Amino acid sequence: HSLFFGLPWGSTGSRGGGNKCSGMAALGSVMLRVRSQLGIWRMSGVDPGSTVGELMQRITAEKGVPTEHQQLSKDASHKQPLSPSSSLRAAGLASNGDMLYLKIDADAQVFHSGQESRTSKKIGADGSIMAVSFEEATAENGFRPGMPRLRDIKGTWTLTDFLEMDEQFTYRVKKDKGQNVSEMCTAVTLDGDCLNSFVTYLQQLGWNQERVAFLYGTVEDDKSVTVHAIYEPPQENTPERFQLEDDPRAEQVERLADMLNLKKVGWIFAHPPREESFLFSSQEIMFAALQQLEAADGIEETPFVTVRCHANEEGHGEFDAYQVTLQCMEMVAEGALDENPKNRGSCAVSPTFTAIVEAKAVSSVENQFFLLNVPVKHSTQPRFRRMFPDANRIGTQQSPDLVKDCVTSAGSTAEGLSDFNLLLFLMDFKDMFSWEDDMPRICQAITDPDATLDAGYDLLIRGFAGMELGD
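All of these numbers come straight from a predicted model, not from anything done at the bench.

Engineer: Would you take a moment to explain the overall build of the protein for this structure?
Structural biologist: Scanning the protein from N- to C-terminus turns up 13 helices and 23 strands. Buried residues in the protein amount to 51% of all 471 residues. Total accessible area on the protein is roughly 22,400 Å²; 49% of this is exposed by carbon and sulfur atoms.

Written out as structure tokens, the structure reads:
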């Protein structure tokens, strides 16, 4: 199912055995995943306000890895090391399922069992004797690549023990015919004004780069989603990838959505023209899975939806909607999937895991195996106006003068303020529009048909916009 919008002139199934983590964290805390040479650890009840050093101390206490032998990074290649003094939130580690990569020094005591070292010797090309690193040793002798040997995990194994252990790292990926429609989200209703604004900007960019926005709306009783507003965070993109930047407005966006009785219900991404069969890149699949994990607070069903936007032959925007499967959510949560630079239309399988497709072990899985279709509908009754400029767009400026234009073009001040981006702009001036007192009252006057905007706020808004009393 798809919709298309745009202006012609602008052509410028979870595997058996149940879920391995519930993700139910204490209030204000999150579950982080730490991937090391010893496997993936789930650290529950982590305070995003705590420091990287405090997490390292917890790893020492729970996993026996001395802090002096720990190197934590945001990336698997350890090109983005984290400072122990940095807060987890500042490092972008504030959501359930966020992954850190831990490199443990080869001489750490955790790599040794009694007097027997988990490293060995090898003869180099020049005849010298060299120590084999933990990664090299486990790649050849470990239970699985990146994992310790079985005897280093525990002393005695039965066949049942081994099969149960091995099954934890095996995924049988399949997609039954006729079962590609999501039951977690029955439909998504998109706001036409939001879509037209999004597409118009992409047309101005010539559809030559990716673009991402978050969708805010409501979840209905039938598990359908209605989108009422979209927000485009700061981003630096290329034709093949998107890169979200640190967003100083992240908290106020969520606060504003809550004041307007909305919640984050999905995300939308746009991309330049592709081959017809190339729907999602591995980056897009994994981001969709992480967003669903965060929305569901674990590997659980959620109506959180992903909308794909692309240009048709006339340069108009077309939209279709998807979710990823529970199995995909689990594989991403466990670190079984990685981006595949050799084939963007598939996800690489981590060497630690085995993926079986059509009775064969594979090193990558085509992304279509993870996708579920969601029907798309179009709203003819938008809840908010769409006049104030969007934030974080090239060449776009937001100013009080533009607030004046919105108010004077409406029948009332409250109607003029009924614009998600405008309200977000007012929240930038926290001393004038308090988030605790003023903004909730202004939002109530917008969302509650029985409420009226207090005369004092009317004067405040008009003064802020530089309007004369008679305007």
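Engineer: How should I be thinking about the nonpolar core in this particular structure?
Structural biologist: Side chains of a nonpolar character, in soluble globular proteins, are inclined to be buried together. One finds Trp-267, Phe-370, Leu-417, Leu-423, Leu-426, Met-439 and Ile-442 to be the most contacted residues of the largest nonpolar core, which totals 72 residues. Broken down by element, this core gets its largest block of residues, seven residues, from helix 7 (residues 282-296). Other than its neighbours up to four places away in sequence, Phe-370 contacts Val-173, Ile-285, Gln-323, Val-324, Thr-325, Cys-328, Met-331, Leu-337, Cys-347 and Val-365.

Engineer: Would you mind showing me how to read the pairing of strand 11 (residues 188-191) here?
Structural biologist: The side chains of a regular strand alternate between the sheet's two faces. Of the two faces of strand 11, the one lined by Val-188 and Leu-190 and the one lined by Thr-189 and Asp-191 are each fully buried. Sheet topology note: the strand 11/strand 23 (residues 376-379) ladder contains four bridges and is parallel. For Asp-191, the partnering residue across the bridge sits in strand 23 and is Ser-379.

Engineer: Looking at this model, I keep getting lost on unusual backbone geometry. Mind explaining?
Structural biologist: In this structure, Asn-261 takes a positive phi of about 60 degrees despite not being glycine. Positive phi, close to 70 degrees, is recorded for Ala-359, a residue that is not glycine. Checked against the element boundaries, Ala-359 lands in the loop between strand 19 (354-357) and strand 20 (360-362).

Engineer: I would appreciate a short explanation of the packing of helix 7 against helix 8 (residues 326-333) in the present structure.
Structural biologist: For any two helices packed against each other, the geometry comes down to the angle between their axes and how far apart the axes lie. Where helix 7 meets helix 8, the closest approach of the two axes is 9 Å, and the angle between their N-to-C directions is 95 degrees. Classified by the angle between their axes, helix 7 and helix 8 sit roughly perpendicular to one another. Mapping the contact onto sequence places Ile-285, Met-286, Ala-289, Leu-290, Gln-292, Leu-293 and Ala-296 in helix 7 and Cys-328, Met-329, Val-332 and Ala-333 in helix 8. Of the residues contributing to the contact of helix 7 with helix 8, the split by class is 10 nonpolar, one polar and no charged.

Engineer: What is the right way to look at the sheet that holds strand 10 (residues 170-173) in this model?
Structural biologist: By definition, the strands of a sheet pair up through backbone hydrogen bonds, in either a parallel or an antiparallel sense. Strand order in the open sheet formed by three strands is 10-19-20, and the pairing between neighbours is mixed. Strands at the two margins of the open sheet, each flanked by one partner only, are strand 10 and strand 20. Mean inter-strand twist for the sheet, computed between neighbouring axes without regard to direction, equals 35 degrees. Strand direction decides the pairing type here: strand 19 and strand 20, joined by three bridges, are antiparallel.

Engineer: Sorry, what's going on with the pairing of strand 15 (residues 305-311) here?
Structural biologist: In terms of burial, strand 15 is largely enclosed, as seven of its seven residues are buried. Neither face of strand 15 is open: one carries Val-305, Val-307, Cys-309 and Ala-311, the other Thr-306, Arg-308 and His-310, and all of them are buried. Of the pairings in the sheet, the one linking strand 14 (residues 263-270) to strand 15 comprises five bridges and is parallel in character. By the bridge assignment for strand 15, Phe-269 is matched with Arg-308. After leaving strand 14, the chain enters helix 7 and then returns to the sheet as strand 15, a path that is right-handed. Direction of pairing for strand 15 relative to strand 16 (residues 317-324): antiparallel, over a ladder of six bridges. Bridged to Ala-311 within strand 16 is Gly-317. Counting the residues that bridge the hairpin from strand 15 to strand 16 gives five residues, and of these Gly-315 lies at a positive phi of roughly 85 degrees.

Engineer: Mind showing me how you'd approach the packing of aromatic side chains here?
Structural biologist: Any pair of aromatic rings gets described here by the distance separating the centres and the angle formed by the planes. Applying the stated rule across the entire model yields 14 aromatic pairs. Taking 5.9 Å as the distance between ring centres and 25 degrees as the angle between the ring planes, the aromatic pair formed by Tyr-216 and Phe-420 counts as stacked. Here the residue Tyr-216 occupies a position in strand 12 (residues 211-219), and Phe-420 occupies one in helix 11 (residues 420-426), the gap between them amounting to 204 residues. The residues Tyr-216 and Phe-420 share a single accessibility class, namely buried. Ring geometry for Phe-242 and Phe-287: centres 5.3 Å apart, planes at 80 degrees, overall edge-to-face. Taken together, the positions of Phe-242 in the loop between strand 13 (225-231) and helix 6 (250-259) and Phe-287 in helix 7 put the pair 45 residues apart, joining distant regions of the chain. Take Phe-242 and Phe-287: they sit in the same class, and that class is buried. One aromatic cluster in this structure is built from Phe-242, Trp-267, Phe-269, Phe-280, Phe-287 and Tyr-322. The ring of Phe-214 has Lys-264 lying over it, and the distance from NZ or CZ to the ring centre is 4.2 Å.

Engineer: I tried to follow the sheet that holds strand 17 (residues 337-339) on my own but got confused; where do I start?
Structural biologist: Read from one edge of the open sheet, three strands run 17-18-21, paired in antiparallel fashion. Bordering the open sheet on either side are strand 17 and strand 21 (364-366), each of which pairs with just one other strand. Here the strands of the sheet are splayed against their neighbours by 40 degrees on average, with no regard to which way each runs. Sheet contacts for helix 7: strand 17 and strand 18 (346-349); angle to strand 17, the most-contacted strand, approximately 135 degrees.

What counts as what
Residues numbered from 1 in each chain as written. Predicted model: local features only at pLDDT ≥ 70, side-chain atom pairs only at ≥ 80, totals over all residues. Heavy atoms only, no water. Helix = DSSP H or I, 4+ residues; strand = E, 2+ residues; numbered from the N terminus. Buried < 20%, exposed > 50% of the residue type's maximum accessible area, 1.4 Å probe, protein only. Areas by Shrake-Rupley, 256 points an atom, 1.4 Å probe, with all protein chains shown as cover. Core = buried A, V, L, I, M, F, W, Y, C linked by side-chain atoms within 4.5 Å. Contact = heavy atoms within 4.5 Å. Pairing = 2+ DSSP bridges. Axes fitted to C-alpha atoms, helices over the stretch in contact; angles between N-to-C directions. Parallel < 35°, antiparallel > 145°, perpendicular 65-115°, else oblique. Nonpolar A, V, L, I, M, F, W, Y, C, P; charged D, E, K, R; others polar. Right-handed = clockwise from strand over helix to strand, strands pointing away. Phe/Tyr/Trp six-rings, centres within 6.5 Å; stacked < 30°, edge-to-face > 60°. Lys NZ or Arg CZ within 6 Å of the ring centre and 35° of its normal.

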